[in-house]
Amino acid sequence: MAKVEIRGVSKSYALNRGDSVLALKGIDLTIEDGEFVALLGPSGCGKSTLLHLVAALEEVTTGSILVDGEAPSLLRDQHRLGIAFQDSALLPWLSVKANVGLPYKIAGRPVDRARVRHLIHLAGLAAFAEARPSQLSGGMRQRAAIARALTLEPTLLLLDEPFGALDAVTRRRMNLELQQIFLERTLTTLMVTHSVDEALFLADRVMVMSGRPGEIVETIAVPFPRPRRIDCMRLEQFHQLTDHLTLLLEH
Amino acid sequence: MKKRVVYAVLAQLAILAAWQLLARSGAAGLTVPTPASVLKVYLEPRFAALLYRSALATLTAAAKGLVAGALLGTVTALVAYLVPPLRPGLDRLAVTINAIPAIVLGPIFILLVSRELTPALLAAISVFFLIYVAVASGLRSASGRLGAMMTTFGAGRWQLLRYLDLPSSVPSFLSGLKVSITAAMIGSIVGEWFGAPTGLGIVILNTMQNFEIPLMWAAVLLVAVISLAGYGAAHAAERFVARRFSR
């Protein structure tokens with residue numbers, strides 16, 4: 001578990017002829033130990049950029065990001081980050097089992113077969129352990145990717161629209177399953193999404209970002225107790241929050 | 001499926017029959033032998049032994065060149081991958097080597113190395129470029145998403161190479177190998193023309209000068225069959241691997 005402190009972070013990209021475009025502006029955000037934060041925003045608002053900065057895939061232009069007081073790149077080099085992308089990013093020539101075990105190989109540690117089996121079971125893929133990604137449905141691939149993100153018991157879990165490419169029904173089922181996985185452990189998590197439902201259903205706190213340059217315009221503490229069931233989406237309060245957030249996104 | 005095979009065989013037989021008639025009639029001149037006379041060459045023990053010996057020499061030289069060129073091309077591409085500053089220079093070197101027609105290097109190799117080794121060397125040079133280009137581009141073919149995933153899990157250069165970029169380059173390597181087989185045969189035969197002691201290239205050259213038309217055609221046909229067989233084997237391997245490595 002970890003505490004993430006994002007202080008005054010901005011990110012700009014150089015364009016041709018010395019011009020630059022500002023993608024993120026003055027982001028301040030603290031994710032407490034064991035907290036699940038969802039970043040909600042319209043496409044192109046820089047929310048994925050922020051996630052990439054936390055994953056040390058890109059560098060901040062100004063400001064700082066610290067995880068338990070350390071640079072994110074250090075966390076990454078110690079194999080303490082877990083990540084799942086929108087397009088699953090499984091290695092197509094490996095089986096589900098080998099893909100879920102891949103982080104062990106990257107870290108140069110012996111593969112813990114029992115843990116890999118447990119994670120595959122948790123992701124509901126026990127019957128598909130030997131299947132290759134091309135033989136799975138989109139939803140199954142995403143579950144495998146999330147299982148892989150959990151392999152090394154990461155300090156910090158990053159989810160980059162993990163269900164963004166799925167249809168609404170599958171997506172809802174995935175959200176339930178993901179929350180099931182989170183009931184087993186508390187894990188500091190940062191998720192990027194453009195789905196209001198998903199953010200409210202999964203997160204402890206929802207941050208709403210504006211369009212470019214991305215700024216945090218509102219923070220909402222989600223009041224629903226855990227474990228959340230699908231019924232909670234039918235609560236009057238859920239609808240009110242959904243309307244409120246949707247309105248913010250449209251501005 | 002079965003029908004298609006039957007049609008294909010029938011078409012081949014029809015072409016052979018037409019060729020036989022054309023050559024027999026003499027309308028195509030003296031230099032076009034009948035298929036029957038070419039076939040007879042293969043059945044004649046003296047010629048069969050000569051062709052076998054020569055084919056073995058040509059194949060050995062081509063195989064040596066293929067292995068050496070493929071190894072060198074792969075290693076050079078790996079160096080370019082692992083030491084990025086060297087890449088532009090190595091790219092230019094490979095292109096320069098390829099820009100020189102291999103045939104003009106023949107005489108240099110004959111004098112510099114030996115008549116025996118020139119066929120394998122010419123084969124190796126053509127193969128080197130093809131494999132270098134195939135592996136170098138294959139090592140860069142993995143999607144940025146996969147690279148970002150590996151990096152986030154803490155992969156360094158070696159892990160990226162071993163678990164992502166090397167497997168990603170396999171299909172491209174096999175495509176390169178496929179064209180390399182034909183290139184190695186060409187290199188080997190051209191190399192023989194500069195005066196190697198034996199080989200199908202020598203047989204083709206000598207029979208042309210001695211007007212032994214059926215033997216010349218038999219040798220040319222043998223080269224074609226060997227190249228096609230190599231190409232077919234590499235193509236099958238490529239298809240098999242492509243299925244495994246596709247997403």
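This text gives an overview of the structure that appears in the document.

1. Details of the packing of aromatic side chains
The description of an aromatic ring pair uses the distance of the two centres, along with the angle that the planes make with each other.
Here comes step 1: Under the criterion given, the structure shown has three aromatic pairs over all chains.
Here comes step 2: On the numbers, 5.5 Å between centres and 40° between planes, the contact of W19(B) with W217(B) is tilted. Of the two residues, W19(B) is situated in helix α1 (residues 2–25) and W217(B) in helix α10 (residues 213–245); the sequence distance between them amounts to 198 residues.
Here comes step 3: With relative accessibility at 21%, the residue W19(B) sits in the partly exposed group.
Here comes step 4: Directly above the aromatic system of Y13(A) lies the positively charged group of K11(A), at a separation of 5.1 Å from the ring centroid.
Here comes step 5: Of note, R157(B) hangs over the ring of Y81(B), and the distance from its end group to the ring centre comes to 4.8 Å.

2. Side note on the layout of surface pockets
Here comes step 1: Computed from the structure, the largest pocket encloses a volume of approximately 400 Å³.
Here comes step 2: Lining the largest pocket are 18 residues, with K97(A), A98(A), G101(A), K105(A) and V111(A) positioned closest to its centre.
Here comes step 3: Taken together, the elements giving at least two residues each to the lining of the largest pocket come down to α3 (96–107) and α4 (113–122) of chain A together with α8 (157–193) of chain B.
Here comes step 4: Residues of the lining of the largest pocket, tallied by class, amount to eleven nonpolar, two polar and five charged.

3. Topic: a nonpolar patch on the surface
Residue and element names in this part refer to chain B.
Here comes step 1: There is a patch of nonpolar side chains on the surface, built from V5, V6, Y7, V9, L10, L13 and L16 and spanning about 650 Å² of accessible area.
Here comes step 2: Residue position: V6 is located in helix α1.
Here comes step 3: Residue class for V6 comes out partly exposed when judged on its relative accessible area of 47%.

4. Regarding the pattern of salt bridges
Here comes step 1: The tally for this structure, following the rule as stated, stands at twelve salt bridges over all chains.
Here comes step 2: The salt bridge involving E70(A) is made with R80(A); its shortest N-O contact spans 3.5 Å. On the criterion of sequence distance, the pair formed by E70(A) in the loop between β4 (62–67) and α2 (72–77) and R80(A) in the loop between α2 and β5 (81–84) is long-range, its members being ten residues apart.
Here comes step 3: Overall, E70(A) belongs to the partly exposed group, its relative accessible area being 25%.
Here comes step 4: Classification of R80(A) as partly exposed rests on a relative accessible area of 23%.
Here comes step 5: With its nearest N and O atoms 3.6 Å apart, the salt bridge here joins D87(A) to R145(B). Linking D87(A) in the loop between β5 and α3 with R145(B) in helix α7 (residues 144–152), this pair reaches from one chain into another.
Here comes step 6: Here the residues in one salt-bridge network are R229(A), D231(A) and R234(A), joined through shared partners.

5. Here's the deal with the sheet that holds strand β2 (residues 20–31) of chain A
Residue and element names in this part refer to chain A.
Here comes step 1: The strand order β2-β1-β4 describes an open sheet built from three strands, whose pairing is antiparallel. Looking at strand neighbours, the two that pair on one side only are β2 and β4, the edges of this open sheet. Strand-to-strand, the axes of this sheet are offset by a mean angle of 25°, without reference to chain direction.
Here comes step 2: Relative to β4, strand β1 (residues 4–14) runs antiparallel, the two being bridged by five bridges. Residue pairing across strands places V4 opposite V67, the latter belonging to β4.
Here comes step 3: Along the sheet, helix α1 (residues 47–54) makes contact with β1, β2 and β4, crossing β1 at roughly 115°.

6. Notes on the sheet that holds strand β3 (residues 36–40) of chain A
Within a beta sheet, neighbouring strands are joined by backbone hydrogen bonds and run either parallel or antiparallel to one another.
All names here are of chain A.
Here comes step 1: Ordered by their spatial adjacency, six strands build an open sheet running β5-β6-β7-β3-β8-β9, and the pairing between neighbours is mixed. The open sheet is flanked by β5 and β9 (216–221), the only strands paired with a single partner. Neighbour-to-neighbour, the strand axes of this sheet turn through a mean angle of 15°, independent of strand direction.
Here comes step 2: Pairing of strand β8 (residues 205–209) with β9 involves five bridges; the strand directions are antiparallel. In the sheet register, V206 faces β9, and the bridge partner there is I220.

7. Describing the nonpolar core
Here comes step 1: If you look at the biggest cluster of nonpolar residues, it comprises 84 residues, and the most contacted ones within it are I6(A), L158(A), M149(B) and M150(B).
Here comes step 2: Counting residues per element, this core draws most heavily on α8(B), at ten residues.
Here comes step 3: The residues contacting M149(B), other than those within four sequence positions of it, are F85(A), A89(A), L91(A), L102(A) and R148(A).

8. So, the interface of chain B and chain A
Here comes step 1: The partner chain A presents 25 residues to the 20 residues of chain B that form the contact.
Here comes step 2: Across the chain B/chain A interface, buried area totals approximately 2100 Å², and carbon plus sulfur atoms make up 68% of it.
Here comes step 3: Seen at the junction of chain B and chain A, the total is two residue pairs in polar contact (both at pLDDT 80 or more).
Here comes step 4: Every element with two or more residues in the side of chain B that touches chain A is listed here: α7, α8 and α10 of chain B.
Here comes step 5: For the side of chain B that touches chain A, the leading source of residues is α7(B), giving seven residues.

9. Section: the environment of Y132(B)
Here comes step 1: For Y132(B), the location among the structural elements is in helix α6 (residues 118–138).
Here comes step 2: Aside from chain neighbours lying at most four places away, what touches Y132(B) is G73(B), T76(B), A77(B), A80(B), R87(B), L90(B), D91(B) and A94(B).

What counts as what
Residues numbered from 1 in each chain as written. Chains lettered and ligands numbered in written order. Predicted model: local features only at pLDDT ≥ 70, side-chain atom pairs only at ≥ 80, totals over all residues. Heavy atoms only, no water. Phe/Tyr/Trp six-rings, centres within 6.5 Å; stacked < 30°, edge-to-face > 60°. Helix = DSSP H or I, 4+ residues; strand = E, 2+ residues; numbered from the N terminus. Buried < 20%, exposed > 50% of the residue type's maximum accessible area, 1.4 Å probe, protein only. Lys NZ or Arg CZ within 6 Å of the ring centre and 35° of its normal. 1 Å grid on protein atoms, 1.4 Å probe; cavity = no way out; pocket = protein on both sides within 12 Å on 5 of 7 lines; lining within 4 Å. Points joined across faces, edges and corners; volume = space filled by probe spheres on them. Nonpolar A, V, L, I, M, F, W, Y, C, P; charged D, E, K, R; others polar. Patch = residues over 30% accessible without salt bridge, like charges linked within 9 Å, V, L, I, M, F, W, Y side chains within 5 Å. Areas by Shrake-Rupley, 256 points an atom, 1.4 Å probe, with all protein chains shown as cover. Salt bridge = Lys/Arg side-chain N within 4 Å of Asp/Glu carboxyl O. Pairing = 2+ DSSP bridges. Axes fitted to C-alpha atoms, helices over the stretch in contact; angles between N-to-C directions. Contact = heavy atoms within 4.5 Å. Core = buried A, V, L, I, M, F, W, Y, C linked by side-chain atoms within 4.5 Å. Buried area = accessible area lost by both parts, 1.4 Å probe. Polar contact = N/O pair within 3.5 Å; in protein donor to acceptor, adjacent residues only side chain to side chain.

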